[in-house]
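# A look at the structure
One letter stands for each residue in the lines below.
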Amino acid sequence: MRRIIMLLLVLLGGVIVPTHAQDNWYTILYDWQNNDLVRVDATGATATYNLGLNENIFFSSQDLALTADGNRIAFCAVDYSSTAPRATLYLRELVSGNNLLEIDFGTAIGCKVTPDAFNADETQLAVALVNHYGGEDPTLDTSKPLWQLRVIDVSTGTTINELNADSPVVTASGMLIESAIMPEVRSFEGDSIIFAEVPYGIGGTPTVSAYHWLVSSGTLNVIPNGPWGHFGVDRLEATGEVAWVTQNPNLPAADTNGALGLANVIMLGDSSGQERMIYHNADWTIIDVRF
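Now for a quick tour of the structure. Source: prediction; values computed, not measured.

Attention shifts here to the overall build of the protein. When helices and strands are counted, the protein shows one helix and 24 strands. Every one of the 291 residues in the protein was classed for burial, and the buried ones make up 47%. Intrachain contacts of the protein at a sequence separation of at least 6 include 40% that bridge at least 24 residues. Looking at the protein as shown, the accessible area adds up to about 14200 Å², and 51% of this sits on carbon and sulfur atoms.

Before going further, it helps to examine the environment of G190. In this structure, G190 sits in the loop between β17 (181-189) and β18 (192-199). Between the C-alpha atoms of G190 and N119, which are 71 residues apart in sequence, the distance is 6.7 Å.

With that settled, consider the pairing of strand β20 (residues 219-223). Examined bridge by bridge, strand β19 (residues 210-214) and β20 share five bridges and lie antiparallel to one another. Residue pairing for β20: A210 is matched across the bridge by I223. The turn linking β19 back onto β20 is made up of four residues, and G218 within it adopts a positive phi angle of 80 degrees.

So, on to the pattern of salt bridges. Two side chains with opposite charge may pair up if their charged atoms get near one another. Applying the stated criterion across every chain, the model contains seven salt bridges. Measuring nitrogen to oxygen at the nearest pair gives 3.5 Å for the salt bridge that ties R72 to E122. Remark: E122 occurs in the loop between β13 (110-112) and β14 (124-130) and R72 occurs in strand β10 (residues 72-79); sequence separation between them is 50 residues. Accessibility expressed as a relative area gives 18% for E122, which makes it buried. Ionic pairing is found between R290 and D288, a salt bridge with its closest N-O pair at 3.0 Å. When its relative accessible area of 22% is taken as the criterion, R290 is described as partly exposed.

What follows covers the sheet that holds β19. Read across the open sheet, the four strands follow the order β17-β18-β19-β20; overall the sheet is antiparallel. Across the chains shown, the open sheet's two edge strands, defined by having one partner strand only, are β17 and β20. Strand-to-strand twist across the sheet, computed as the mean angle between neighbouring axes with direction ignored, equals 30 degrees.

Among the nonpolar cores identified, the biggest contains 24 residues, and W147, L149, I193, F195 and W213 are the most heavily contacted of them. Elements with a contribution of two residues or more to this core: β14, β15 (147-153), β17, β18 and β19. Examining the composition of this core, we find that four residues originate from one element, β17, more than from any other. Excluding residues within four positions of it along the chain, W147 makes contact with L129, V130, N131, L163, N164, A165, V170, M175, S179, I181 and P183. Counting residues in hydrophobic clusters, the runner-up holds 20 residues, among them C76, I103, A117 and I152.

Each value, and the rule that gives it
Numbering of residues starts from 1 in every chain and runs along the sequence as written. A pLDDT threshold of at least 70 governs which residues receive local features in this predicted model, and a stricter bar of 80 or more applies before side-chain atom pairs are shown or counted, although totals over entire chains, interfaces and linings include all residues. With hydrogens and water set aside, each side-chain value is computed from the structure's full complement of heavy atoms. Secondary structure elements follow DSSP: runs of H or I of four or more residues count as helices, runs of E of two or more count as strands, with numbering from the N terminus. The rule is simple: take the accessible area with a 1.4 Å probe, protein chains only, and divide by the maximum for that residue type; under 20% is buried, over 50% is exposed, in between is partly exposed. Between two residues, a contact is recorded if the distance between any of their heavy atoms is within 4.5 Å. We get accessible surface area from the Shrake-Rupley algorithm with a probe of 1.4 Å; when it comes to residues, only the shown protein chains can shield them. Any two strands with at least two DSSP bridges between them are considered paired. Salt bridge criterion: a side-chain nitrogen from Lys or Arg within 4 Å of a carboxyl oxygen from Asp or Glu. Note on geometry: axes are C-alpha line fits, over the in-contact stretch for helices, and angles between N-to-C directions span 0 to 180 degrees. Throughout, nonpolar core names a set of buried Ala, Val, Leu, Ile, Met, Phe, Trp, Tyr and Cys residues whose side chains join them through atoms within 4.5 Å.

Here it is, written out as structure tokens:
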């Protein structure tokens, strides 16, 4: 039986990220200081896989996706070593150290692959780009849309569908069309992508709008309620349950004294859409949840 393991810890400069495992479970830590992934199994045995990146290339532990067998990793990183930052998408085999894909997207200030970026059969991958803030910047290509959400064919590396700030459906949707956003993918199932409209470079936003993009037809609709616009959200594919972090204003909450939202509860929604609170903490701010 498949088990999904997730621990949220900071350990020796690495953050543990979600891993799908079989009976002999393991987890993977990202050592951002050395650009290594460290595999730790149930016995405590470790294996280290270097990602082959220079010290000026940056991405975080929340900006990557692992295949179900744990053998391939997809991430999008920005290289700040030259005058203009450039974004590159990587699909890498951990054991061999080979890059199956290495796609240069050109100048960009942000690039993101979320843990939910693969579709169910892992033949497609959704990647988000923030190309610029708008206005004039001689180091960036401001002829590009402010942001893009691309669907990549894993076997060929080609972009087979794209949604961006200039798409007519985006203009008609009521999105923040004149602002740089990061379209963070929350779910990619079949022909359907759900993403959150996250303002880029702005902290402290407790919730944002979420949208449902039907890829082949190109339709885009806002999701008025539910978990997808919250930060700290996860879906259990086997049951259709969704858990997310939010604030209940009727219950005590910790004072963050900073840019974090006042999240004090964890909610659980089942496949029928029924929602209930499963946890409350008045003394600490809850920042994430995983099955």
